[in-house]
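Each chain is listed here by its residues.
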Amino acid sequence: MNTIMTVMKHEFTSAVFRRSFLIMLFMVPLVGLAVMLFTSYAKGDGQETAVGNMFSTEQEPTVDGYIDQSGLIQSLPDHLEDTLVPLADESAAEKAIQDGEINGYYIIPADYLENGELEYIQADYSPFAGLESVGTIDEAINFNLLGRNQALADRIKEPFTLETQLLSGQVQRDPNSGFTFFLPYIVTFLFYFIIFGSASLMLNNLTSEKQNRMIEVLMTSVSPMQLVTGKIIALGLVGLLQTIVWSASGLLILRLGGRTLQIGDAFQLDPSILIWGVLFFITGYAVYASFMAGVGALVPSLKEASQATFVVIIPLLVPMMLIQSLISKPNGTLSVILSMFPLTSPVSMMTRLSATQVPLWQILTSLALVIITAYLVIRAVAGLFRAQNLLTGQKFTLGKMIQAMRTRPQES
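So, here's what we can say about the structure.

The rules behind the values
- Residues numbered from 1 in each chain as written.
- Predicted model: local features only at pLDDT ≥ 70, side-chain atom pairs only at ≥ 80, totals over all residues.
- Heavy atoms only, no water.
- Helix = DSSP H or I, 4+ residues; strand = E, 2+ residues; numbered from the N terminus.
- Buried < 20%, exposed > 50% of the residue type's maximum accessible area, 1.4 Å probe, protein only.
- Contact = heavy atoms within 4.5 Å.
- Areas by Shrake-Rupley, 256 points an atom, 1.4 Å probe, with all protein chains shown as cover.
- Patch = residues over 30% accessible without salt bridge, like charges linked within 9 Å, V, L, I, M, F, W, Y side chains within 5 Å.
- Salt bridge = Lys/Arg side-chain N within 4 Å of Asp/Glu carboxyl O.
- Lys, Arg positive; Asp, Glu negative; His and termini not counted.
- Charge placed at Lys NZ, Arg CZ, Asp CG, Glu CD.
- Axes fitted to C-alpha atoms, helices over the stretch in contact; angles between N-to-C directions.
- Parallel < 35°, antiparallel > 145°, perpendicular 65-115°, else oblique.
- Nonpolar A, V, L, I, M, F, W, Y, C, P; charged D, E, K, R; others polar.
- Pairing = 2+ DSSP bridges.

### Examining the overall build of the protein chain
Inference 1: Within the protein chain one finds 16 helices and four strands.
Inference 2: Considering the protein chain as a whole, with its 412 residues, one finds that 44% of them fall into the buried category.
Inference 3: Of the contacts formed within the protein chain by residues at least 6 apart in sequence, a portion of 71% connects residues at least 24 apart.
Inference 4: Of the roughly 22800 Å² of accessible surface on the protein chain, a fraction of 61% belongs to carbon and sulfur atoms.

Written out as structure tokens, the structure is:
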């Protein structure tokens, strides 16, 4: 145990006090805080800078005209009088476009009731120009078809307002808010980069020590299991420190942003996700750091490690490729399977937790499976690393790889 602690202390201090690590550790939260403060300051000056506006699909109201050859439109709802104007004929409509009074105009033909066809004319080509204002002409026609009964027209446009109440007491997010879909994306990508980045430290560390032959010196005083375990724990603590600082800073910024930036419940997370995030980071990191250690033991240099690294992280990329399914159906069969499979569960489970409420038994089962996998992989990699260490400077072959995998770690 003392040997493992010595390895841990050396690796932890070497990584934490590296200038590049300290810059990244504090730069990310500071940038997020600066963005929030700047946005809050700008909003205080009377500008519309609420964060929610960045993801709003609503457009500024446009003014369009219409030529009614059918005589259907007798009057317009009050709220459309500034965005939809009647025109006498096409010459008047074209003049209005040239004068910049309207963006385009609709022609309602005399046989509209028979075929339901409209024509939209605009000055310049834009595939979405007609779509931006189609709601206004649609509302105007419905209003008149319903005998200019505004209450009936409103009820047809929006038959009901659904209010969902959750027995669990979880905050219900607005399904129409862009943040509701965007937040799990942030959590997924952040967790992927944290796990991959932390595990990559292991690969860089082992490969560097192998190239300068420092690993051979270390192996004279520590066993493979002690060396691998000490490095994994130490570099895991480094990644954990980064995860806690970034996650806590993100939650704090979101809490402040809820009051300052008007982002509401759609961009809020339950504080318990921080606890689960730490646990899934530790377990997920242990698995992938062990794999990275195996890659570092097998390849002769960091340059040759890139191809092997890609094979290792493929399972970690699967949730990224299926992220839309994970978010849209977080409790679906595919989502549950991905969150239970040990190699994909660290990222998949965090995506589900940020999108919905996951049953506790699934979370605990997923954690248990990843812990078991991490233990098995660490033991296998320790034996692989010891055997491969004897091959330093030799050409790597598949036969030597199989032989290395069969070698059991030496205990001390």
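### Some points on a negative patch on the surface
Inference 1: A surface patch of negative charge is lined by D89, E90, E94 and E119.
Inference 2: Relative to the elements of secondary structure, D89 occurs in the loop between β2 (84-86) and α3 (90-98).

### Overview of the packing of helix α13 (residues 333-340) against helix α14 (residues 345-355)
Inference 1: The interhelical angle for the contact between α13 and α14, taken along N-to-C directions, is 135°, at an axis separation of 6 Å. As far as their axial angle goes, α14 and α13 are oblique. Residues S335, V336, L338, S339 and M340 of α13 touch α14, and the partners they reach there are S345, S348, M349 and R352.
Inference 2: When the residues that make up the contact of α13 with α14 are grouped by side-chain class, the tally is four nonpolar, four polar and one charged.

### Some thoughts on the sheet that holds strand β1 (residues 64-68)
Inference 1: Read from one edge of the open sheet, four strands run β2-β1-β3-β4, paired in mixed fashion. Both outer strands of the open sheet, β2 and β4 (119-122), are each paired with one neighbouring strand and no more. Here the strands of the sheet are splayed against their neighbours by 25° on average, with no regard to which way each runs.
Inference 2: Sheet topology note: the β1/strand β3 (residues 104-108) ladder contains four bridges and is parallel. In the strand pairing of β3, I67 is matched with I107.

### With respect to the packing of helix α10 (residues 272-298) against α14
Inference 1: Where α10 meets α14, the axes come as close as 9 Å, and the angle between the chain directions of the two elements is 170°. With respect to α14, the axis of α10 lies roughly antiparallel. Residue-level inspection shows I273, W276, G277, F280 and G284 of α10 in contact with α14, the latter providing S345, P346, M349, M350, L353 and S354.
Inference 2: Grouping the amino acids of the contact of α10 with α14 by side-chain chemistry returns seven nonpolar, four polar and no charged.

### Some points on the pairing of β1
Inference 1: Burial analysis of β1 places four of its five residues in the buried class, which makes it a mostly covered element.
Inference 2: Sheet analysis places β1 next to β2, joined by three bridges and oriented parallel. Opposite D64, over in β2, you have L84 as the bridge partner.

### Quick look at the pairing of β3
Inference 1: Buried residues dominate β3, accounting for five of its five residues.
Inference 2: Of the two faces of β3, the one lined by G104, Y106 and I108 and the one lined by Y105 and I107 are each fully buried.

### With respect to a nonpolar patch on the surface
Inference 1: On the surface, L22, F26, L30, L33 and L37 cluster together to form a nonpolar patch covering roughly 440 Å² of accessible area.
Inference 2: The topology assignment puts L33 in helix α2 (residues 19-44).

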